[in-house]
Amino acid sequence: MANGLDDVVAAETVLSDVDGLGGRLTIRGHSLPELAGRWRYPQVVRLLLDGFFDDLPGDAELAQAIGRSRVEVFERLQPMLPALVPLDVYSGMRAGVALLPDGDTLADALLMIAAPAVLTPALLRGERGSPAIAPNPQADHAADMLRMLSGTDASPALVTALDTYLVTVCDHGLNASTFATRVVASTQAGLTSAILAGLGALKGPLHGGAPGPVIEMLDAIEAGGDAAGWLRAEIARGERIMGFGHRIYRVRDPRADVLKAVVRQLGAEGATGRRLAFAETVEQTALEVLRQAKPSRSIQTNVEFYTALLLEAAGFPAEAFSNVFAAGRVAGWVAHAREQQTTGRLIRPQSRYVGPVPDLVA
Ligand code: SDX
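Every value quoted in this text rests on a predicted model; they were computed, and no experiment measured them.

A.B. asks: Would you take a moment to explain the overall build of the chain for this structure?
C.D. replies: The helix and strand tally for the chain stands at 16 helices and three strands. Here the C-alpha atoms of the chain give a radius of gyration of 21 Å, agreeing with the 21 Å that 2.2 N^0.38 yields for 362 residues. Its C-alpha atoms give the chain principal-axis dimensions of roughly 75 × 55 × 40 Å. Burial analysis of the chain (362 residues in total) assigns 50% to the buried set. Sequence separation of at least 24 residues holds for 76% of the intrachain contacts in the chain that already meet a minimum separation of 6. Of the roughly 16100 Å² of accessible surface on the chain, 54% is carried by carbon and sulfur atoms. Measuring between centres, the 33 positive side-chain charges of the chain sit 4 Å from its 40 negative side-chain charges.

Right, here's the structure in full:
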């Protein structure tokens, strides 16, 4: 029995490849450095969805269609916000997505692409007692998400930073949330059902729930002043150091340096720059502490460590970092769901029974 399905190849995919030994990520034949900071998120959405919808338009038309989908999500769910705001912002987003139609058309898919970007700012503003801001269908996707959060147009640097993040996390092989999405899609349930499985899996701190705790860790270390002591105490308590380690990467996650470079571009001199300099010292200390604590494992920095600094600099509260992760990953989830529906079969592994044996004499 492969505990945690370690090293089990459970699907063939044309979508992405995670080279854990080489530290490389390929998405539809493009390396991450080729895409991040160069392709805009709607273009990468099209790259991932290509071949799965007969009516998939070109880049420009798809970007406009995603804009219209943001408006449709807003119009459908704005009346429900009073019921969603009292939940934590991730659960509120998940509940909002559950209210969308459960179909398999491109229109259904684009509602999924749009939903996290619309619901997250609306729920955060609702928490503050501020009214939700309607989407602008003509706006760039990342720019509109930031505008719906703050009410003002974000700087081009901030828009590029968020867009680069969404592209960087858009797909990543058969991670837990993508696998969950494929399992549900394999039953021929609708896209919303499949995406809800992905949203459920992403929330966990071992997966997409990690970036928020990275901020808490940095704040705790800064307050205490002893990084090595704090980290050793966490490990001694059997805790995991958030932002480090990976099931596949045995070397540094290539996305960490992409995101670190974005944070550096955002504000070398300001608070962001000071936060980055401090985080880099914590990162080096954590790598050394982990090397000493787990000498048989290569535990390296993963995508979440610098995700935390980027999303903090973009103005998102730590409670919403996983929402923004979902806003990027949802494109991969939709593509994998369609790939499973069109080329896969029902996912139904075996299990080995180790429970009590019935009393045959009775
Ligand atoms: C993501 O799969 C993907 O592609 C995911 C992702 C994506 O894009 O979808 O890349 C996104 O989820 C990144 C990971 C975010 N999670 C965290 O940063 C949480 C901290 N990381 C760990 O929980 C852990 O590294 C995992 C869960 C990510 C991976 O762990 P594995 O490969 O399943 O290894 P394991 O849990 O079996 O641990 C092996 C040993 C254990 O020690 P022992 O019990 O053998 O003594 O390594 C230790 C673990 O305790 N270990 C850590 C550690 N990571 C592993 N110890 C302390 N801190 C850590 N971060």
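A.B. asks: For this particular structure, what's the right way to read the side chain of Glu339?
C.D. replies: On the secondary structure map, Glu339 appears in helix H16 (residues 321–343). Look at Glu339 and you get buried, because its relative accessible area is 3%. Apart from the residues lying within four places of it in its own chain, the contact partners of Glu339 are Glu12, Thr13, Val14, Leu15, Phe52, Arg182 and Gly344.

A.B. asks: I tried to follow the pairing of strand S1 (residues 16–19) on my own but got confused; where do I start?
C.D. replies: The side chains of a regular strand alternate between the sheet's two faces. The side-chain alternation of S1 yields one buried face, formed by Ser16 and Val18, and one unburied face, formed by Asp17 and Asp19. Strand direction decides the pairing type here: S1 and strand S2 (residues 24–27), joined by four bridges, are antiparallel. Considered in S2, the bridge of Val18 is made with Leu25. As consecutive antiparallel partners, S1 and S2 are separated by four residues, and within that stretch Gly23 has a phi angle of approximately 65°, a positive value.

A.B. asks: Looking at this model, I keep getting lost on the site of the ligand. Mind explaining?
C.D. replies: Lining the immediate environment of the ligand, one finds 24 residues, of which His172, Phe244, His246, Arg247 and Arg255 sit closest. A distance of 2.9 Å separates a nitrogen atom of the ligand from a polar atom in the backbone of Ile241. At 2.6 Å from an oxygen atom of the ligand is found a side-chain nitrogen or oxygen belonging to Arg255. Isolated, the ligand exposes 1000 Å² of accessible area, and the fraction of that covered by the protein chains is 78%.

A.B. asks: How should the domain arrangement of the chain be read in this particular structure?
C.D. replies: Size of an interface, as often reported, equals the accessible area lost when the parts are brought together. By the assigned domains, the chain splits into domain 1 (2–205 + 319–343) and domain 2 (211–313). Computed from C-alpha coordinates alone, the two centres of domain 1 and domain 2 are separated by 25 Å. Contacts between domain 1 and domain 2 engage 26 residues on the former and 25 residues on the latter. Roughly 1900 Å² is buried in total at the junction of domain 1 and domain 2, and carbon and sulfur atoms are behind 76% of that figure. Residue Arg247 is joined to Asp6 by a salt bridge in which the shortest nitrogen-to-oxygen separation is 2.6 Å. The interface formed by domain 1 and domain 2 contains five residue pairs in polar contact (both at pLDDT 80 or more). Where the side of domain 1 that touches domain 2 is concerned, the elements lending two or more residues are S1, S2, helix H8 (156–168) and H16. Per element, the largest residue contribution to the side of domain 1 that touches domain 2 is seven residues, and it comes from H8. In terms of residue class, the side of domain 1 that touches domain 2 is built from 15 nonpolar, seven polar and four charged.

Reading guide: rules and limits
Residues numbered from 1 in each chain as written. Predicted model: local features only at pLDDT ≥ 70, side-chain atom pairs only at ≥ 80, totals over all residues. Heavy atoms only, no water. Helix = DSSP H or I, 4+ residues; strand = E, 2+ residues; numbered from the N terminus. Rg over C-alpha atoms; globule rule 2.2 N^0.38 Å. Buried < 20%, exposed > 50% of the residue type's maximum accessible area, 1.4 Å probe, protein only. Contact = heavy atoms within 4.5 Å. Areas by Shrake-Rupley, 256 points an atom, 1.4 Å probe, with all protein chains shown as cover. Lys, Arg positive; Asp, Glu negative; His and termini not counted. Charge placed at Lys NZ, Arg CZ, Asp CG, Glu CD. Pairing = 2+ DSSP bridges. Near = heavy atom within 4 Å. Polar contact = N/O pair within 3.5 Å; in protein donor to acceptor, adjacent residues only side chain to side chain. Domains from an automatic or database assignment. Buried area = accessible area lost by both parts, 1.4 Å probe. Salt bridge = Lys/Arg side-chain N within 4 Å of Asp/Glu carboxyl O. Nonpolar A, V, L, I, M, F, W, Y, C, P; charged D, E, K, R; others polar.

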